[in-house]
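# A closer look at the structure
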Amino acid sequence: MWSTEITSSLAAIIVVGFLQSNSIQLHALLKRVIGSFIFLIPVAISIINQPNNFFKMPGFSFSIDWSVIAIVFSVIILMAVADYFMASDKENIENYPPIRSNVWSRSLLLKSTLTWAVFLVCYEMIFRGLFLFSTIEKIGLLHATLLNTVVCSLVHLMKSKREALMSIPVGLLLCYIAWKSGSFWYAAILHVALAIVHEAFSIASNPKMSFNFNTTKK
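What counts, and where the lines are drawn
- Residues numbered from 1 in each chain as written.
- Predicted model: local features only at pLDDT ≥ 70, side-chain atom pairs only at ≥ 80, totals over all residues.
- Heavy atoms only, no water.
- Disulfide = S-S within 2.5 Å.
- Buried < 20%, exposed > 50% of the residue type's maximum accessible area, 1.4 Å probe, protein only.
- Salt bridge = Lys/Arg side-chain N within 4 Å of Asp/Glu carboxyl O.
- Helix = DSSP H or I, 4+ residues; strand = E, 2+ residues; numbered from the N terminus.
- 1 Å grid on protein atoms, 1.4 Å probe; cavity = no way out; pocket = protein on both sides within 12 Å on 5 of 7 lines; lining within 4 Å.
- Points joined across faces, edges and corners; volume = space filled by probe spheres on them.
- Nonpolar A, V, L, I, M, F, W, Y, C, P; charged D, E, K, R; others polar.

Covalent bonding between the sulfur atoms of two cysteines is what defines a disulfide. A complete count under the given rule lists zero disulfides for this structure. The closest cysteine sulfur to the non-disulfide-bonded cysteine 122 is located on cysteine 152, 16 Å from its own sulfur. Cysteine 122 sits in the buried class, given a relative accessible area of 9%. In this structure cysteine 175 is not part of a disulfide, and its nearest cysteine sulfur, from cysteine 152, lies 7.8 Å away.

With that settled, the discussion passes to the pattern of salt bridges. If you walk through the whole model with that rule in mind, you get five salt bridges. Between aspartate 89 and arginine 162 there is a salt bridge, with the nearest N and O atoms lying 2.9 Å from each other. Taken together, the positions of aspartate 89 in the loop between α3 (66-86) and α4 (90-95) and arginine 162 in helix α7 (residues 161-181) put the pair 73 residues apart, joining distant regions of the chain. Relative accessible area serves as the criterion here: at 34%, aspartate 89 is assigned to the partly exposed category. The class for arginine 162 is partly exposed, based on a relative accessible area of 23%. In this structure, lysine 159 engages glutamate 163 in a salt bridge whose closest nitrogen and oxygen atoms are separated by 3.7 Å. Beyond isolated ion pairs, a larger network of salt bridges with shared partners links Asp89, Glu91 and Arg162.

Volume-wise, the largest pocket comes out at about 890 Å³. In terms of lining, the largest pocket is formed by 36 residues, of which the most central are Tyr96, His156, Glu163, His191 and His198. Here the residues of the lining of the largest pocket are counted per class, giving 22 nonpolar, eight polar and six charged. In this structure, the second largest pocket spans a volume of roughly 430 Å³. When residues of the lining of the second largest pocket are traced back to their parent elements, those giving at least two are α2 (28-49), α4 and α7. Looking at the lining of the second largest pocket, its residues break down into eight nonpolar, seven polar and eight charged.

This is how it looks when you write it as structure tokens:
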């Protein structure tokens, strides 16, 4: 029988996945803010259920793991190189960044970066924290990783087939990083870095977009 942590996490994942889909016509910044609050609901439920043990749960501790740090930095560099060459792809230009502003001011870039950071930390807190480690306890590492990756891919399918396919190797890697480090934090750091780097290259590669840090446009 699924635990409260698994059930509430899965429910939040489905709701946020639908919220982030293209069928919901809200500004990308607002979607991230709302999504962050929704992801905090399973955390709040778990804290209420076990107030003295929540932060001792597997997946929520943090310690220095140099092998994981090396993996994280290596992946960031590799993906940055890939983004440099692939950001000008037609499909990428049509869909990214999700904020379709022609002029990116310092204010807009800061808002986008901060909301990405908050949203993806909350995202990984659930996906590679509460959901992953709770399912590991129930069905073991292999099946929990496969379940996590399948759910992740299905959620991204609500946006596009490309994202659904890309989420499979990335999802497996993030699960491995979380399991190896015993913490969702490294997965969150990597996910935030990948999102910000991809967004920067997508803006720079889009002929209709540009950075203008002298403008006050929001």
